Amino acid sequence: MTDPISPDWLAVLGDWLEGIDLLQFALGTAALVLVIRLLVRLWPWLRRVVALIEALGTLPGFMERTDASVRRLRRQVEDDHERLHDELHEELRDELRDELAPDPGADPEDRAPSPRPRRRAPWSRP
């Protein structure tokens, strides 16, 4: 009881196999086995290629996150640099003031002459 639209697949397969001799069948089977073995051997490489393609798809987002992190870290380093620079200048100023301040109990003639102020380079900070 087959529909006129759907052919009897077993009969079609039998007709197709009648036209194939043993040599053609052996060559087809050997080619199929060779293709399967090739796929098995190349499977790790194919997985790596697929992983690489997926990784390249996520690269723009990774670059944006990295750029944002670098900008944040650069800003933090610049802020820390300025803060440490100011603290160091203040500490050195206090140290020099204490070191170069005249001793109130010393004789004015025994005091060492005060050092001449150094001229600042144009690029140095005040």
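Criteria and cut-off values
Residues numbered from 1 in each chain as written. Predicted model: local features only at pLDDT ≥ 70, side-chain atom pairs only at ≥ 80, totals over all residues. Heavy atoms only, no water. Helix = DSSP H or I, 4+ residues; strand = E, 2+ residues; numbered from the N terminus. Buried < 20%, exposed > 50% of the residue type's maximum accessible area, 1.4 Å probe, protein only. Salt bridge = Lys/Arg side-chain N within 4 Å of Asp/Glu carboxyl O. Expected span 1.5 Å × (residues − 1). Bend = angle between axes of the 7 residues up to and from the residue. Patch = residues over 30% accessible without salt bridge, like charges linked within 9 Å, V, L, I, M, F, W, Y side chains within 5 Å. Areas by Shrake-Rupley, 256 points an atom, 1.4 Å probe, with all protein chains shown as cover. Lys, Arg positive; Asp, Glu negative; His and termini not counted. Charge placed at Lys NZ, Arg CZ, Asp CG, Glu CD.

Caption draft 1: Examining the overall build of the protein more closely. Helix and strand counts for the protein stand at 2 helices and 0 strands. Taking all 126 residues of the protein together, the buried fraction comes to 0%.

Caption draft 2: Quick look at the pattern of salt bridges. Going through the model one piece at a time under the given rule, you end up with 3 salt bridges. Between aspartate 80 and arginine 83 there is a salt bridge; the shortest N-O distance is 3.8 Å. Of this pair, aspartate 80 and arginine 83 both sit in helix 2 (residues 22–100), 3 residues apart, roughly one helical turn. Of the charged contacts, one joins arginine 97 and aspartate 94 as a salt bridge, the two residues approaching to 3.2 Å between their closest N and O atoms. Note that arginine 97 and aspartate 94 are positioned in helix 2 at a spacing of 3 residues, about one turn of the helix. Linked by salt bridges that have partners in common, Asp80, Arg83 and Glu87 make up one network.

Caption draft 3: Inspection of helix 2 at higher detail. For helix 2, spanning 79 residues, the distance from its first C-alpha to its last is 109 Å, which sits close to the expected 117 Å at 1.5 Å a residue. Of all the bends in helix 2, the greatest, near 50°, is centred on tryptophan 43, and the proline proline 44 appears no more than four residues after it.

Caption draft 4: A nonpolar patch on the surface, seen in detail. A contiguous nonpolar surface patch, about 490 Å² in accessible area, is contributed by Leu52, Leu56, Leu59, Phe62 and Met63. Along the chain, leucine 56 falls in helix 2.

Caption draft 5: Summary view of a negative patch on the surface. On the surface, a cluster of negative charge is made up of Glu78, Asp79, Glu82, Asp86, Glu90, Glu91, Glu95, Asp98 and Glu99. By secondary structure assignment, the location of glutamate 95 is in helix 2.

By themselves, these are just geometric observations and shouldn't be taken as functional.
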